[in-house]
Amino acid sequence: MALRARALYDFRSENPGEISLREHEVLSLCSEQDIEGWLEGVNSRGDRGLFPASYVQVIRAPAAEPPPPARYANLPASSFEPLPPPAAFKLATQQAPPAAAPEPFSLPPAARYPLPLAPYGGSYEPSQGSDDDWDDDWDESSTVADEPGVLGSTYPNYNVAGSQASGLYCLSMGSELSLSSHSDHLAGHLHLPGSSTKSSATVSRNLNRFSTFVKSGGEAFVLGEASGFVKDGDKLCVVLGPRGPEWQENPYPFQCSIEDPTKQTKFKGMKSYIAYKLVPSHTGQQVHRRYKHFDWLYGRLAEKFPVISVPHLPEKQATGRFEEDFISKRRKGLAWWMDHMCSHPVLAQCDAFQHFLTCPRTDEKAWKQGKRKAEKDEMVGANFFLTISVPTGTGAVLDLQEVESRVDSFKAFTKKMEESALQLNHTANEFARKQVTGFKKEYQKVGHSFKCLSQAFELDQQAFSAGLNQAIAFTAEAYDAIGDLFADQPRQDLDPVMDLLALYQGHLANFPDIIHVQKGALTKVKESKRHVEEGKMELQKAEGIQERCNIISFATLAEINYFHKIRVRDFKLQMQHFLQQQILFFQKVTQKLEEALHKYDSV
């Protein structure tokens, strides 16, 4: 009979080529030969793919027939070389150039009413243009950057012992890190074998090297391959609040207005662009920024913060950039973006964001220095997770099952919210289109009919009918005016709702990657527990993996809680504004009808 295996744990596939397993499920193996800790087989639902070898137990039975050919049977043996030791792996990753990220899917710009609005932005390709072409107008003449970069970084391995420097502390995430404070917690979930013999088993790496968990540096961090110095000012603190983990509030909150978009030129009028005036409340000094400067900042933030939802920018547009409606729409979108940036406890204090808000463009030297500093930031990728500071002591270790349950619930919530947002966006677009075209036309058609009736009555030439004729003519004008009110109303109530929905569609598009990083960390913890139970890994190494997963879980839950907090604030204010505008609108309609009604009192 064919080779079979029984699943010891549940496993949820997260990447293409993987299959999900259920505990106690029996699978058919394509081969007993594992590929870097992964086996290939077919589950009970008929899905074929890869799954962790440590999650299953091979059922030993005499084979009556040869197993089906493995999918990778024809690959040369050199295709799967054994993994190097961690130190060698770190050296190799530092020397090798980062792999290019896959090109993102781009959407065409959508019109306001004929089609539903697309979410702000989309997948991002950061620009890595040189300082010499920083003033080139690539964003105003094209929908993509000239030189897309790679979401990757090298992580220097600082091996410094006993360093004493002001504002610095050394973090080493190697497997030798002592985590005795969490030994009791982890041991409570592990069943240690009686034998004291330990092999040098390690947690396997993902085969898909393009997954978000790998590209973000989450895998390298969890496996203890990140090390470096973190300044006190760079630490991102997570605290325990009434709703669980939360980002520590910004001690110096501020806001920033975006005003007066103006058309400017350079090269003696050969190139034109729109500049926006920014006035931060904590400095009071205005600076001017172009859309490409916003785009540059977004790229830096999206690369630096893999577990934070950086709001998407309003979409680019290749034509019609200087039309009044487009400029107004973009300014409103940038205002929403700026509000979310200033409100976020972490993003608002980022050095790159503060440089963007405070450095005058007239100081070319200071601007380029801040730009280079942001682009050469070493606290990205795996090193970014070193900057996260989580609570210590009682309650400092999160229950993994509870974390997984909360993340799964949030994942279901975001899916439902995204579907509802798309439906509301489509409905609002359709209703606005009807108001601008259909309702206006119908009301003005009624007004024209009343006007024709008034003109017919005027042929009577009787003095006692003049008042009636004038009243009917006034009624016709009232219906014309009501038609204009309908056409103008979406700008007051529906458009702001759709702008908010577009911003949140961008946030919802960010969270699958954030959740993927957290899920990847949980998978590594489960695998390390399995190795400890089998006596293949030392408890200290497993504790290190759980400690680093705990940091990612704290940050993920803090971002989820912040999302809910800001969502309640935004939708409360926007729904209040919508209903207030609706009331004002119908009051205007009522006023027009009452004025027409009073004209008949003197007839």
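Residues numbered from 1 in each chain as written. Predicted model: local features only at pLDDT ≥ 70, side-chain atom pairs only at ≥ 80, totals over all residues. Heavy atoms only, no water.

The chain is annotated in an unreviewed UniProt entry as SNX18 protein from Glareola pratincola. What UniProt states about the chain under its Sequence similarities (unreviewed entry) heading is, verbatim, "Belongs to the sorting nexin family." (UniProt positions renumbered as here; feature names shortened; annotations may be inferred.)

K.L.:
Describe the overall build of the chain, with residues and values.
P.N.:
Helices and strands together make up the secondary structure of the chain, namely 13 helices and 13 strands. Counting across all 603 residues of the chain, residues that qualify as buried make up 44%. In the chain, 75% of the contacts between residues at least 6 apart in sequence involve partners at least 24 apart. Split by element, the accessible area of the chain, about 30400 Å² in all, is 54% carbon and sulfur. (Helix = DSSP H or I, 4+ residues; strand = E, 2+ residues; numbered from the N terminus. Buried < 20%, exposed > 50% of the residue type's maximum accessible area, 1.4 Å probe, protein only. Contact = heavy atoms within 4.5 Å. Areas by Shrake-Rupley, 256 points an atom, 1.4 Å probe, with all protein chains shown as cover.)

K.L.:
How would you sum up the nonpolar core? Please name residues and give values.
P.N.:
Leu278, Met338 and Phe353 are the most contacted members of the largest nonpolar core, which totals 86 residues. With residues near it in sequence (within four places) discarded, phenylalanine 353 still touches Phe254, Leu297, Met338, Met341, Cys342, Leu347 and Ala348. Of all hydrophobic cores here, the second largest spans 13 residues; its members include Ala7, Ile19, Leu21 and Trp38. (Core = buried A, V, L, I, M, F, W, Y, C linked by side-chain atoms within 4.5 Å.)

K.L.:
Please set out the pattern of salt bridges residue by residue, giving values where relevant.
P.N.:
Following the criterion strictly, the structure yields 24 salt bridges and no others. Glutamate 259 serves as the salt-bridge partner of lysine 277, at 3.7 Å between the closest nitrogen and oxygen. Taken as a pair, lysine 277 in strand E11 (residues 271-280) and glutamate 259 in strand E10 (residues 256-266) lie far apart in primary sequence, 18 residues in all. The exposure class assigned to lysine 277 is buried, which follows from its relative accessible area of 16%. Connected via shared salt-bridge partners are Arg12, Glu404, Asp408, Lys519 and Lys526. (Salt bridge = Lys/Arg side-chain N within 4 Å of Asp/Glu carboxyl O.)

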